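One-letter residues, chain by chain:
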Amino acid sequence: MRYCISNWQRALCLMGASCGAAGLLLGCTQLPAETTPSLAAAQFLQADTSGYVMAPPRDPNGIGTYYLGRQIAHVMGHEGADWLERNGRQQEEGTDLLVKELRLKPTDVVADIGAGTGFFSFRMAEKVPQGQVLAVDIQPEMIASLQENKRRFNVTNVRPVLGTTTNPALPADGVDLVLIVDAYHEFDHPREMGRAIRQALRPGSGRLALVEYRAEDPGVPIKRIHKMSVEQARKEMAAVGLEFVEAIETLPQQHLLMFRRPK
C-alpha cells in the first residue's frame, strides 16, 4: 500500500495546479489492467516518456501505477513464503518441465529474480554444476530463507543477492540466463528493472525467460492482475531493448516467453 500512496502523491506533484482540467480528469480516471489509457492518461504518458501513468488503482490488488497500459500488482510479502513451497506446485505449474525448457548448460551463470525461498534456484543449481545461480530478492527475510536453504541442501553454487526495486545487482554482461517466475508483474519499476536485466545479459546470447500466468486463458484460476498476455509482455520487453525469441506453451497454466539481448 505504501507504493500506491507514494506513487499517487508523486503524480499529483508532477501534474500540479498548472495541469488544470486535464490533471483533474486523470485523477478521476480508472484505467483497466491491459488496455489503451484514457485521453488524459495518454497526454500525461506523452509528457512522461518513461511509460508510467499514475492513477487511482482500478483493481484493489494493484498499486496506483500503470506501465504501458498495465496496472502493476502488489508484491507478495515474505509472509507468503509457504505458498512458494506448497505441495502440488510441481504438478500445478509443471516446474520440472519449466527447468528442462530452459536448456541450461553446465557452465551457465543464471539469475533467478524474485527467487523467494529458492524453489527454482536450487533446482537450476543442479543443471549448472560448473556455473552459478544468483538468487535475487528484495526482501531481507527471503534472503535469510535462501541462506538457510543453501546450508540445509549443502549447495555451493547458489549465491543469494539482495537487490532493490530498480536494480537486481547483477554483473554487467555476465549472465547467460535470467529467470523471472510469476514476479515481473509485481515489479513497481519494470522499466528500470528491465534495463538493468538487459545490461546484465551477455550481448548476443544472454536470454530472459519470463514466466507469467496466461491472461488469454480465463480458465487459469488466478486473479487477472496477476496474469500477463504475450502481447503485453512483448511490448514491455521491446521497450527496454530485448528481442522476442519464442513463446513456449508447454506449461499447464503459464507462458514461458524467451527474449534475448541483441549484440
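Coordinates for the structure precede this section.
Nothing here was measured: the structure is a model prediction, and the numbers come from that model. (Residues numbered from 1 in each chain as written. Predicted model: local features only at pLDDT ≥ 70, side-chain atom pairs only at ≥ 80, totals over all residues. Heavy atoms only, no water.)

Colleague: Would you explain the nonpolar core in this entry?
Modeller: Across soluble globular proteins, nonpolar side chains have a tendency to be buried as a group. With 32 residues, the main nonpolar core has Ile 113, Leu 170, Val 175, Val 178, Ile 180, Tyr 184 and Leu 208 as its most contacted residues. Among residues more than four places away in sequence, those in contact with Val 175 are Val 109, Val 110, Ala 111, Leu 134, Leu 170, Ala 200, Leu 201, Arg 202 and Gly 206. (Core = buried A, V, L, I, M, F, W, Y, C linked by side-chain atoms within 4.5 Å. Buried < 20%, exposed > 50% of the residue type's maximum accessible area, 1.4 Å probe, protein only. Contact = heavy atoms within 4.5 Å.)

Colleague: Please clarify how the packing of aromatic side chains should be interpreted in this entry.
Modeller: Two aromatic rings are characterised by how far apart their centres lie and by the angle between their planes. By the definition in use, this model includes five aromatic pairs. Relative to Tyr 67, the ring of Tyr 52 has its centre 5.0 Å away and its plane inclined at 40°; by these criteria the two rings are tilted. You can see Tyr 52 sitting in strand S1 (residues 52-54) and its partner Tyr 67 sitting in strand S2 (residues 62-67), a full 15 residues away along the chain. In this structure, Tyr 52 and Tyr 67 share a single accessibility class: buried. Considering the side-chain rings of Phe 122 and Phe 153, the 5.2 Å spacing of their centres and the 75° angle between planes classify their relative orientation as edge-to-face. With Phe 122 in helix H7 (residues 119-125) and Phe 153 in helix H8 (residues 140-153), this pair connects stretches of sequence that are 31 residues apart. The exposure class of Phe 153 is partly exposed, given its relative accessible area of 41%. In this structure, Arg 123 packs its charged tip against the face of Phe 119, placed 3.7 Å from the ring centre. (Phe/Tyr/Trp six-rings, centres within 6.5 Å; stacked < 30°, edge-to-face > 60°. Helix = DSSP H or I, 4+ residues; strand = E, 2+ residues; numbered from the N terminus. Lys NZ or Arg CZ within 6 Å of the ring centre and 35° of its normal.)

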